[in-house]
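Residues per chain, in single letters:
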Amino acid sequence: MNTSETSQNIHAQIVSLLPRLRRFARNLTRNPHDADDVVQIAVERALLRLDQWHRDARLDSWMFKIVRNAWIDELRSRARRDKIFLAEEAGENVGTEPIEKESALMSVQAAMARLPEDQRMAVSLVLIEGLPYKEAAEVLEVPIGTLTSRLARGREALQGLLGAEG
Amino acid sequence: MAFADGELDGTARAAVEAAMREDPEVEKRVAQHRALRQRIEKAYAAELSEPVPERLVIAANRAPTASGNNVVDLVSVRDSKARAAAGAQPRGSWWRPLGAIAASVIIGFALGYGGRHQSSSPLIRGAEGAVVASGELAQALSHQLSAEQSSTAAVKIGVSFLAKSGDYCRTFSLSGSASPSGLACRHDQEWRIQALSQPSGAAESDTAYRTAGSGMSPAILKAVEEQISGEPLDPTAESAARSTGWKAAR
């Protein structure tokens, strides 16, 4: 496979990942607009840093990690902006905007939104995006034991919020 | 949990399976984990079939721009979104780094505001490769304190800070419907304009993205973020800097 084939291939692969990246970003940011913005940033960054992606690594895990880092950068930059200008902007951006769904599904999303970020990310990567523990731990840059304990706590909390009937 | 998630290898899996056979409690917990997992998967499955915004597909298909300094952040993404929303005609960035500010913009800026203020000379002029503040704008940058300005002042000073370069910098905005804003830094006895939001109808569509209260465009904010060293000056420090003539403390 020559380089240009590979690079065409990578664009197609990223396009096919977009729905999952958006879904992950929504769980991350809890705001659909921020989610799309952060996915766009991540896609642009990923294309710039393709040389840093090891071909034997999973593209989805690598991209999830870039999405997450882009969001961390954005939160830092917002915190700084808010320090500079004591404007209402912070309030607007932090406000959660739940994704509208029919009520049966709403409860799962609403329950997710109540989880602390650590647990929400573990649940999102393993249970929703279907990553193996090892991959999820790498995305979040934590040891696997930390990942599984967050996942266990997140599950327990969801079970409690959603009711035992599952 | 690991069993229900399919994380266990042969031996461990067999052990859990044995435990499930012997202990209904274990079996129940595994079933609970699986049910929860399925319920969550199902609840989030619909999102995958939502149409993906075109801009994301375009971004994914774009060849990476090779320019070394490729800072992407939400501000620039929003700028591009606002531009896309504003009309079909791509008009390029409505804010440009100083070196690229179109001459027409500066002339328009100078005429538009110079003309309105009877007495004044242009607010901005070119000087040996730099664009510097003059007239009323230069006066305000040198003397006006943010805490003491009247709401009717033609030039409003925003935030003052010490830049990484060691120069003092101040953001400003001008009165008027288009209310352009900018960033100027004191260097060699002059206020050099570092960034300017374009004072034309083009900027109107970005109003929604302006920082509430600051009257400042995100591009100017971004320029501040890039240049600021530490925190903005408080009123005392601002006043002290003015009394030294904004001479950089290097």
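Residues numbered from 1 in each chain as written. Chains lettered and ligands numbered in written order. Predicted model: local features only at pLDDT ≥ 70, side-chain atom pairs only at ≥ 80, totals over all residues. Heavy atoms only, no water.

**Student:** What should I look at first to understand the environment of Met112 of chain A in this one?
**Tutor:** Inspection of the secondary structure puts Met112 of chain A in helix H5 (residues 103-114). In this structure the C-alpha to C-alpha distance between Met112 of chain A and Leu161 of chain A, which are 49 residues apart in sequence, comes to 9.1 Å. When sequence neighbours within four positions are dropped, the list of residues in contact with Met112 of chain A reads Asn27, Arg120, Val123, Ser124, Ile128 and Leu158 of chain A together with Tyr44 of chain B. (Helix = DSSP H or I, 4+ residues; strand = E, 2+ residues; numbered from the N terminus. Contact = heavy atoms within 4.5 Å.)

**Student:** What is the right way to look at the confidence of the model for chain B in this model?
**Tutor:** Should pLDDT be low for a region, the predicted coordinates there are not to be read in detail. Residue and element names in this part refer to chain B. Per-chain confidence: chain B averages 73 in pLDDT, with 65% of residues scoring 70 or above. Counted against residues more than four places away or in other chains, residues 66-72, with its pLDDT under 50, gives six contacts. Ignoring residues within four places in sequence, the model shows residues 87-108, a span with pLDDT below 50, making 32 contacts including any to other chains. Taken over the whole predicted complex, pTM reads 0.53, whereas the ipTM for its chain interfaces reads 0.78. (pLDDT = per-residue confidence, 0-100.)

**Student:** Is there a simple way to explain the packing of helix H6 (residues 117-128) of chain A against helix H2 (residues 24-45) of chain B in this structure?
**Tutor:** When two helices pack together, you describe them by how their axes are tilted relative to each other and by the distance separating the axes. Interhelical geometry of H6 of chain A versus H2 of chain B gives an angle of 90° and a closest axis separation of 10 Å. Considering the angle they form, H6 of chain A stands roughly perpendicular to H2 of chain B. Note on element contacts: H2 of chain B touches H6 of chain A through Arg37, Ile40, Glu41 and Tyr44 of chain B, opposite Val123, Val126, Leu127 and Ile128 of chain A. Looking at side-chain class alone, the contact of H6 of chain A with H2 of chain B contains six nonpolar, no polar and two charged residues. (Axes fitted to C-alpha atoms, helices over the stretch in contact; angles between N-to-C directions. Parallel < 35°, antiparallel > 145°, perpendicular 65-115°, else oblique. Nonpolar A, V, L, I, M, F, W, Y, C, P; charged D, E, K, R; others polar.)

**Student:** Teacher, can you tell me more about the nonpolar core here?
**Tutor:** One recurring pattern in soluble globular proteins is that nonpolar side chains are buried together. Among the nonpolar cores identified, the biggest contains 55 residues, and Val43, Met63, Leu147 and Leu158 of chain A together with Ile40 of chain B are the most heavily contacted of them. With 19 residues, the next largest nonpolar core counts Leu123, Ala140, Trp191 and Ile193 of chain B among its residues. (Core = buried A, V, L, I, M, F, W, Y, C linked by side-chain atoms within 4.5 Å. Buried < 20%, exposed > 50% of the residue type's maximum accessible area, 1.4 Å probe, protein only.)

**Student:** Sorry if this is basic, but what is going on with the state of the cysteines here?
**Tutor:** Working definition of a disulfide: a covalent bond connecting the sulfur atoms of two cysteines. All names here are of chain B. Taken as a whole and judged by the stated rule, the model has one disulfide over all chains. Here Cys169 pairs with Cys185 through a disulfide, and the sulfurs are 1.9 Å apart. With the S-S dihedral at roughly 105°, the linkage between Cys169 and Cys185 falls on the right-handed side. Linking Cys169 in strand S4 (residues 168-174) with Cys185 in strand S5 (residues 181-187), this pair joins segments that are 16 residues apart in sequence. Among the residues examined, Cys185 registers a relative accessible area of 3% and is labelled buried. (Disulfide = S-S within 2.5 Å.)

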